[in-house]
Each structure stands twice: as C-alpha cells, then as structure tokens.
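Residue-level structural notes
Spelled out from the first residue to the last, the chains are:
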Amino acid sequence: MSDDGGRTGPNGRVIGGRYRLVERIGSGGMGTVWRALDELVDREVAVKQPRLPGDPEDAAHQRAANRLYREARAAARVDHPAAVSIHDVVVDEDGLPWIVMELVRGESLHEVLQRGPVEATEAARIGIAVLGALRAAHTVGIVHRDVKPANVLLGAHRRVVLTDFGIAHIQGEESLTVSGEFVGSLEFIAPERMSGRGAGPASDLWSLGVLLYAAVEGWSPFRRTTLESTLAAILAADPPEPKQAGPLGSLIVRLLVKDPEQRPDADEVGAALEAVVKGWPVPGPAASGPQDASGLREFAEDAGTVRLVGEPVSGPAPEPATAPAPEPATATASKPPRRPRLLRPLPVTLLALLLVAGTWFTASVLADKDKGKGRDDQAKELTPTHSSPPTNTPGTWTEHREKDMGAVLYLPAEYKEMAREGSANDQPRLVVYDIGLVQVRLTKWDKSPRPLLDQAQEAHDTWDSYNHDASTQSTRTTFKGYDAVLSDTTYDMEESPSRVMQLIVVTGDDRMYELRVDMPKGTPTEKKGTAVFKGARDRLVIE
C-alpha cells in the first residue's frame, strides 16, 4: 500500500506519488474511475476515486471506505484472465483508498446493449468468461454480488473482464452492512438476498442469468420504472420467456428459478454455455442435486436487511408483471420450455423494506426547482373528459372502489393490484396497480403532511437524487373544486430514462390524495402510460 504524495500538477492530480490522473472514464455509486499514467513504469492504468457519504468521522463514511479496501483485497485474490487485475491501493491525505487497476480498453456490455441485443452465441461467449471469473472467486471464498452488464468490460482481442468486487462477500471478514443499508444493483440481485437469506454462489448465478437475458433480449426482465415495483417483480413475478435466446433459453429459465437450490450449478452452466458457442446440443438438467456451497458460509452482510415477512395483500393475488416483447429476431430460435405462471402475493412490508434499504421511493409527488423548470402560477380547472363513471364492460375501464381511502379509481382491465400499505394509524394509505413497465399508484393522507407545493418540492428533490438530472413542470390547478397540483417529471435520463405524471389534491377537510403513474421515457410504452394517467385522472372520484 502506498501513501499519497498529495500534489497537483499542471497535467492533473498525482496520486501516491506516481499515478497522474488524465481523464475520467466512468462513474458509479461508489466512485469515479480515471485513466491515469503510472509515471514510475510509464504505463496507463485505471484509478478508482472513492465517493463516500458524510464526514470522515461518520460511521457510514468509514464503512464505505472499508468496502473499497475490500474491493482491492477481493479482486486481488481472484486469479483468472476474466477478473480485473489490481495493481495498488493508495491512501490519500483524507484517508480515502484509491484503487489502481489494469486499464481495460473497450466498452462495457451495458454500453453495447444500448445499441441493441447481441446474438445468443456472443452472449454465451461472454457468459463463459464471466462464469470463469465467478468460479475463481467462489473457489477462494468470494461471492461477487453485483454481476451486471455495467461491470462486464469487453476489451481488445475479444477479452471479457468482470470488474467491481467492491460489495463482495469475503469469507472471514466482519460484516460491514448494518440495518438500513443495502448494496448492489437491484434488478440483478437474487430474491434470496432480498428475503435476508444471504448470498452464495447460486446468487451470482442468478445475476448471470439476468445478465444473459438482458444480453439477448436487450432489456432486463425485472427492471421496472420504480424501485419498489422492481423489487416486487424479483420477489413475485416470473420473467417473460426470452424470445431471442435461441439455445440459451432453457438455461436462462433455469438460472432464474426463485429457489437457489433448484438452479443449475456452475458445471452445468459452463457445459450449456460451451454447447451454445460450439453449436452442440444443449445438455438438459443434471440428475445430481444442487451445487455444494459448503465452502462458503452465509455471511452477515445481508443480516441487517429487513426480512420480508407478513401476510399477503388483501384481494386477488397479483398477476406476474410483464414487459413488452422486443421486435422479432431475424434468426430462428428454439423456444425454452414453458413454465407455469406462479402467482406470489407480495408481503405487506414491501414498502418498509425499501425505506430501510435506503431507497428513495417514499416521495409521492414531484415539484419544480428554480433551474430549468417552469410553473404556471395561474390556477387552472381540470375538466374531466368523462361526465360520469364508466361501466365495467369488456374493453373499458374497471372500477376499483377504495373504501378505506374514500376514493374510486378507474383503470384499464388488465391492471392488477401489486401492493397495499397503510392504515388509519400507519400513514399514508397506498395501493399500487401494475402491468410491468407502467405502474399506477393512489396514495392518501388523512391529514395533509405539508402544503401542496412544499410536498411537491420535497418529492422533486428525491427524484433528483438519482442522477441530479430531474426536470419537472408543475401547474397549480383545481380538481373538482379542490386545490391541486399537476406535475410531470423526467429523471435518470442517462441510465434508465423515466417519466412520472402526478395529480396531488388537498380536500376541504385537509386530506391529501396523490394519483401517480410511472413509465419509461422515450419508448412506445410512454404513450400508453400518459393515456392511462389522463384517463385515471379524469375518472378519479374523491368521496
């Protein structure tokens, strides 16, 4: 380990007395990666600059610093051509660890998929390399826990490199996660981790299955427009069958089984991937039992996560969420075997988990900030396009009478209840209806928690915390004689463009209601989402 020379020169800051920062090449939740010159041996390297919360004396700050130390130690212990090589760890004058690693020239799989999916054989080739790095990690007692396209680099000479072991489990190390923290990219996290059972080799193989699905289909099967609906999909919904996976389809389906003991082990996965690459028949499930994880104990990292326990939501069990099918592939492909559609009711503590896990879904409304946002200060009356509630005839809108909320919500018939939360003593009350990429939510506070515009401002700040790019247009209005605000927000435009449309209403007796529709931005689904919002808004009845 080196000590930081701590000087800044005309060509950029120098770290550790030898690594001169040249160009920023990437960033993530835990830090920024720079291309740098190792002036001692005259070679280019990658240097990861930490991004840590709070002051150096804060416990959260110290835990994050420990995680970065762990990344270097974990990756250094993994000996495989597809695992990134760590050269050095430098501690700067503030006590922050900067990680120096090999510079892999190329682009991430995430960047490649922005241009469209890859062929099944190419996905299998990438999968073989990632699996090799994972097997090498598992051999030395390490579980990666963050396998995703952004952490898979495609370098020169068709090299595939798995990076970012910063949240890996390492056997024998103390727990760094406490109640209220959860690390990892949600849509790639295995369901057993969500339920607090810890991470094992099978959890990494689940993530590999999601990665392979995203590679051949062009989208993640569990990604939704909100964090809580993504979590609900992981826990309760089977993914849509892959349509462009060809011979990879059956393997992907098996990897995404909810029960980790029922997933194929690394040997089976490797054999199937090799068969796809070489054009051989893909072997079926092995007759042997589940993989042996005895060499990896259940680590305490996830022990602080709230367990998902509780009674199912009332009403009918939710249908599995679905996503729009991609355009048909030009090449023919055999379809994987069809699985039964499993209906899994969601725990009532779903929203509480997301609160404890440090996510931002608690905001129910959005508002404009001073920069780049507009507001029409002249109140406008909303005029419903339907003078009377529609009937429940086929092809029209279905009535959802929310007696405890004092409201009637109308939605297209295909929308199913996914979650319900709150009571008179647990505010707010909330119900969520979902069909996958478009989610509808109705929220009620028995007493308005704050003035309309203050509520909207706080919520906008929450959305802006994703990538600091939220843009909101808010309009003061009235809704059936009550004060109201209409908000239309876009956010996370670089990684996962999203749009949220909201109506916030305060009644004469100081109740607050919020109707909200979340949808992906810039896709055909956006048009459907906006139509659903307008229709539900016009039909909403507040009793």
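No experiment lies behind these values; they were computed from the predicted model shown. All residue numbers here refer to positions counted from 1 along the written sequence of the relevant chain. Side-chain atom pairs in this predicted model are given and counted only at pLDDT of 80 or more, local residue features only at pLDDT of at least 70, and totals for whole chains, interfaces and linings cover all residues. In computing side-chain properties, one takes all heavy atoms of the structure into account and sets aside hydrogens as well as water.

Structural notes on the sheet that holds strand 12 (residues 160-162)
As a reminder of what qualifies: When DSSP finds two or more bridges between two strands, those strands count as paired. The helix count covers DSSP runs of H or I at least four residues long, the strand count covers runs of E at least two residues long, and both are numbered beginning at the N terminus. Inter-axis angles, ranging from 0 to 180 degrees, are taken between N-to-C directions of lines fitted to C-alpha atoms, where helices are fitted over the stretch in contact.
A sheet is described by the order of its strands in space; here 3 strands give the open sequence 9-11-12, paired in antiparallel fashion. On the outer flanks of this sheet lie strand 9 (106-108) and strand 12, each paired with one strand and no other. Ignoring strand direction, the axes of neighbouring strands in this sheet form an average angle of 25 degrees. Bridge count for strand 11 (residues 152-155) against strand 12 is 3 bridges, and the pairing is antiparallel. Opposite Val 152, over in strand 12, you have Leu 162 as the bridge partner.

Looking at helix 5 (residues 201-217)
Applied cut-off: What a helix is expected to span follows from its residue count: subtract one and scale by 1.5 Å. For every residue, the accessible area obtained with a 1.4 Å probe (protein chains only) is divided by the maximum for its type, and the residue is called buried under 20%, exposed over 50%, and partly exposed between those limits.
The end-to-end C-alpha distance of helix 5 is 25 Å, a good match for the 24 Å that 17 residues give at a rise of 1.5 Å each. Counted residue by residue, helix 5 has 17 buried out of 17 residues, so it is predominantly covered. Directly after helix 5, the chain includes Gly 218, whose backbone phi takes a positive value near 90 degrees.

Comments concerning the packing of aromatic side chains
Each aromatic ring pair is characterised by the separation of its centres together with the angle its planes make. Short version of the rule: For this analysis, a ring pair means two rings from Phe, Tyr or Trp (six-membered ring only for Trp) whose centres lie within 6.5 Å, classed as stacked if their planes differ by under 30 degrees, edge-to-face if by over 60, and tilted for the remaining angles.
All told, the structure shown has 3 aromatic pairs when counted by the stated rule. Measuring from ring centre to ring centre gives 5.3 Å for Trp 206 and Phe 222, while their planes differ by 20 degrees; the resulting arrangement is stacked. Placement of Trp 206 in helix 5 and of Phe 222 in the loop between helix 5 and helix 6 (227-236) is noted, with a sequence separation of 16 residues between them. In this pair, the class of Trp 206 matches that of Phe 222, namely buried.

What about the pattern of salt bridges?
Here is the rule: The term salt bridge refers to a side-chain nitrogen of Lys or Arg lying within 4 Å of a carboxyl oxygen of Asp or Glu.
For the coordinates displayed, the defined rule picks out 33 salt bridges. A salt bridge links Arg 35 to Glu 44; its shortest N-O distance comes to 2.4 Å. With relative accessibility at 29%, the residue Glu 44 sits in the partly exposed group. In this structure, Arg 223 and Glu 187 form a salt bridge, with 2.7 Å as the shortest nitrogen-oxygen distance. One end of the pair, Arg 223, is in the loop between helix 5 and helix 6; the other, Glu 187, is in the loop between strand 13 (169-170) and helix 4 (191-194), and 36 residues separate them in sequence. Classification of Arg 223 as partly exposed rests on a relative accessible area of 29%. The structure contains a network of salt bridges with shared partners spanning Glu 23, Arg 35, Glu 44 and Arg 105.

Brief notes about the packing of helix 3 (residues 120-139) against helix 5
How two helices pack is summed up by the angle between their axes together with the distance between the axes. Operational definition: Oblique is the label for any angle not covered by the other classes, which are roughly parallel (under 35 degrees), roughly antiparallel (over 145) and roughly perpendicular (65 to 115). Definitions for this section: a left-handed crossing has its near helix turned counterclockwise from the far helix by less than a right angle. A right-handed crossing has that turn clockwise. Whether two residues touch is decided by their heavy atoms; if any such pair falls within 4.5 Å, the residues are in contact. Polar here means any residue other than Ala, Val, Leu, Ile, Met, Phe, Trp, Tyr, Cys and Pro, which are nonpolar, and Asp, Glu, Lys and Arg, which are charged; Gly is therefore polar.
Contact geometry of helix 3 with helix 5 gives a least axis separation of 10 Å together with a crossing angle of 160 degrees. For the element pair helix 3 / helix 5, the angle class is roughly antiparallel. Of the two elements, helix 3 crosses helix 5, and the hand of that crossing is right-handed. Together, Ala 120, Ala 123, Gly 127, Val 130, Leu 131, Leu 134 and His 138 of helix 3 and Pro 201, Asp 204, Leu 205, Leu 208, Leu 212, Ala 215 and Val 216 of helix 5 make up the contact between the two elements. A class-by-class count of the residues in the contact of helix 3 with helix 5 yields 11 nonpolar, 2 polar and 1 charged.

With respect to the packing of helix 3 against helix 8 (residues 266-278)
Two numbers describe how helix 3 lies on helix 8: the axes approach to 8 Å, and their chain directions differ by 150 degrees. Taken together, the axes of helix 3 and helix 8 lie roughly antiparallel to each other. When the axes of helix 3 and helix 8 are compared, the crossing they make is left-handed. For the pair helix 3 and helix 8, contact is made by Ala 120, Thr 121, Ala 124, Arg 125, Gly 127, Ile 128, Leu 131 and Arg 135 and by Ala 266, Asp 267, Val 269, Gly 270, Leu 273, Glu 274, Val 276 and Val 277, respectively.

Things to note about unusual backbone geometry
Cis geometry marks the peptide bond from Gln 427 to Pro 428, where omega comes out at -5 degrees. Looking at the secondary structure, you find Pro 428 in strand 18 (residues 426-434). Residues other than glycine seldom take positive phi values, yet Asp 42 does so here, at roughly 55 degrees. Examined against the element boundaries, Asp 42 turns out to sit in the loop between strand 5 (31-38) and strand 6 (43-50).

What to know about the pairing of strand 8 (residues 97-102)
Most of strand 8 is tucked away, with 6 of its 6 residues classed as buried. Pairing of strand 6 with strand 8 involves 4 bridges; the strand directions are antiparallel. Following the sheet pairing, Lys 48 is matched in strand 8 by Ile 99. Taking the residues between adjacent antiparallel strands as the criterion, strand 7 (residues 86-91) and strand 8 are bridged by 5 residues, where Gly 95 takes a positive phi near 80 degrees.

Don't take any of this as a statement about function, it's just geometry.
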